[in-house]
Amino acid sequence: MPTNPVFASLPTSIFTVMSALAVRHKAINLGQGFPDIDGPEAVRAVAARALMDGPNQYPLMRGMMELRRALSAHAAKFYGLAYDAESEVLVTSGATEALAAAIFGLVARGDEIVLIEPHYDAYRPIAEAAGAVVKAITLSPPGWRLTAEALASAITPRTRAILMNTPLNPVGRVFDAEEMQALADAVARSNAVVICDEVYEHLTFDGRPHIPLATLTAANGAAMKDRCVRIGSAGKIFSLTGWKVGWVMGPKPLIDVLANVHQFLTFTTPPAQQLGVTHGLEREMDFPLALTQRLEGNRDVLARGLQEIGFDVLPSEGTYFLTARIDGLSNEKDLAFCERMVRQAGVAAIPLSSFFAGGTPDIYVRFAFCKQRSLLEEALTRLKASFRG
Ligand code: PMP
Ligand code: GLN
């Protein structure tokens, strides 16, 4: 049957595979990243009321003005970034749709796009479906640092887009000022725009700042705000991952094109959820700040416990995730290790090799700690019993 080879050759996403295994083996699911406590009741109450009272018909294609204004205010308040709500903010059905709209809107067949590995699994297939040529920068453990040299070797005059994610899923890096400045300087010397996946913007630990590339100026004076589209997700800010409310903001000429893609991907996003998220951005920003504190504590509990069992735990500076090296416990590859761990120990995790096109490194696994403390403790008890006998 005729199909698009980019998608026909894809396996089911590792998140779906491991979640299904977790259900089958009644395992604790520290694989797919979703919180086990729903976000603010007031946010859900506003959405619930809107479902009953309306509006329930197509909202504005680019997003309800209430939400676009709240998003513009959020960028101004947290980062001092000014985006015009009318023309520079686009609401999408999740960050995933924003990523697709950005990639399809910004790169054409034969253009080069730079991806920084490890990266979220959706990036590469969307880029390939757009006909782009992918150039990968592969970060190295244990520091996963982004360097000027790596950027210089991947960016060419044909590079039209660079996709960067900070805080970085899956390894929890929060790129620091030096790395972000190196990126700004490399972008300023290129013909590229940057798709900034900032869905974990509020989830940074130990007081580390999240630095949006759009806030920086390159050494040659180029303002990165003119070269960036910034993607965010209410799923991550308000622990409502099933809602699929995302957005992208950037200069009008770029957002105009992304809106043209969006109108043929989903056209709109459910109005009740948009109103709930508006309320959250205006009134419930204490929630992500408290969540960050809780996650920081969870990270420490999980890291200490895993270390005691014999995992070699890497630092996690942000996101829902930490990664741990497994070769002190087993000589299996990460996928085989995760398949055995879910069966034998009753704990699901994600093999890190899934985030690299080349399939290596394959001796790390990713654990999600966006879960209740008691569940993490139970997972550690199970792992201890399984690995320490
Ligand atoms: N980017 C990254 C780095 C993610 O981890 C995720 C989701 N987990 C997304 C994008 C997609 O977000 P959404 O659920 O809003 O589509
Ligand atoms: N972003 C989530 C993760 O990294 C997964 C989202 C999904 O399953 N598509 O775990």
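Residues numbered from 1 in each chain as written. Chains lettered and ligands numbered in written order. Predicted model: local features only at pLDDT ≥ 70, side-chain atom pairs only at ≥ 80, totals over all residues. Heavy atoms only, no water.

**Regarding the sheet that holds strand S3 (residues 112-117)**
Pairing within the open sheet is mixed, and its 7 strands lie in the order S2-S8-S7-S6-S5-S3-S4. The open sheet has two free edges, formed respectively by strand S2 (89-92) and strand S4 (133-138), since each of these has just one partner strand. Direction aside, the axes of adjacent strands within the sheet are offset by 20° on average. Two strands pair when backbone bridges link them, and strand S6 (residues 193-197) and strand S7 (residues 228-233) are joined in this way by 4 bridges, in the parallel orientation. (Pairing = 2+ DSSP bridges. Helix = DSSP H or I, 4+ residues; strand = E, 2+ residues; numbered from the N terminus. Axes fitted to C-alpha atoms, helices over the stretch in contact; angles between N-to-C directions.)

**Side note on unusual backbone geometry**
Generally, phi is negative for residues other than glycine and the peptide bonds are trans, each holding for most cases. Note the cis peptide between Gly 54 and Pro 55, where omega equals 5°. Position of Pro 55 among the secondary structure elements: in the loop between helix H3 (41-53) and helix H4 (65-79). Cis geometry marks the peptide bond from Thr 360 to Pro 361, where omega comes out at 0°. For Asp 206, which is not glycine, the phi torsion reads 55° and is therefore positive. Mapped onto the fold, Asp 206 is located in the loop between S6 and S7.

**What about the sheet that holds strand S9 (residues 312-313)?**
The strand order across the open sheet built from 4 strands is S9-S10-S13-S12, with neighbouring strands paired in antiparallel fashion. In this open sheet, the two edge strands, each paired with only one partner strand, are S9 and strand S12 (350-351).

**Re helix H5 (residues 94-106)**
The end-to-end C-alpha separation of H5 is 18 Å, in line with the 18 Å expected for 13 residues at 1.5 Å each. With 11 of 13 residues buried, H5 is to be regarded as a mostly interior element. Those residues of H5 not exposed but buried are Gly 94, Ala 95, Glu 97, Ala 98, Leu 99, Ala 100, Ala 101, Ala 102, Ile 103, Gly 105 and Leu 106. (Expected span 1.5 Å × (residues − 1). Buried < 20%, exposed > 50% of the residue type's maximum accessible area, 1.4 Å probe, protein only.)

**Considering the site of ligand 2**
Close to ligand 2 lie Phe 15, Gln 32, Gly 33, Tyr 120, Asn 169, Phe 321 and Arg 366, which account for all nearby residues. Between ligand 2 and Gly 33 there is a distance of 2.6 Å, counted from an oxygen atom to a backbone nitrogen or oxygen. Arg 366 has a polar side-chain atom sitting 2.7 Å from an oxygen atom of ligand 2. Relative to its free-state accessible area of 290 Å², ligand 2 is covered by the protein chains to the extent of 79%. Here the shell around ligand 2 is built from residues that sort into 3 nonpolar, 3 polar and 1 charged. (Near = heavy atom within 4 Å. Polar contact = N/O pair within 3.5 Å; in protein donor to acceptor, adjacent residues only side chain to side chain. Areas by Shrake-Rupley, 256 points an atom, 1.4 Å probe, with all protein chains shown as cover. Nonpolar A, V, L, I, M, F, W, Y, C, P; charged D, E, K, R; others polar.)

**Regarding the nonpolar core**
With 140 residues, the main nonpolar core has Ile 195, Leu 213, Met 224, Phe 311 and Phe 367 as its most contacted residues. It is helix H12 (residues 286-309) that provides the largest number of residues to this core, a total of 8 residues. Those residues in contact with Ile 195 that lie beyond four places of it in its chain are Leu 99, Ala 102, Ile 103, Leu 106, Ala 161, Ile 162, Leu 163, Met 164, Val 229 and Ile 231. (Core = buried A, V, L, I, M, F, W, Y, C linked by side-chain atoms within 4.5 Å. Contact = heavy atoms within 4.5 Å.)

**Quick notes on the site of ligand 1**
Not every one of the 13 residues close to ligand 1 is listed here, only the nearest: Thr 96, Asp 197, Tyr 200, Lys 236 and Lys 244. Between ligand 1 and the protein, one listed contact pairs an oxygen atom with a side-chain N or O atom of Thr 96 at 2.6 Å. Taking Asn 169, its side chain carries an N or O atom lying 2.8 Å from an oxygen atom of ligand 1. Within the complex, 93% of the 400 Å² of free accessible area of ligand 1 lies under protein. For the shell around ligand 1, the per-class residue count stands at 5 nonpolar, 5 polar and 3 charged.

**Some details on the side chain of Asp 334**
Position of Asp 334 relative to the elements: it lies in helix H13 (residues 334-345). A polar side-chain atom of Asp 334 sits 3.2 Å from the main-chain amide nitrogen of Leu 352. When sequence neighbours within four positions are dropped, the list of residues in contact with Asp 334 reads Ile 326, Pro 351, Leu 352, Ser 353, Pro 361, Asp 362, Ile 363, Tyr 364 and Val 365.

Purely spatial values, then, with no claim about function.
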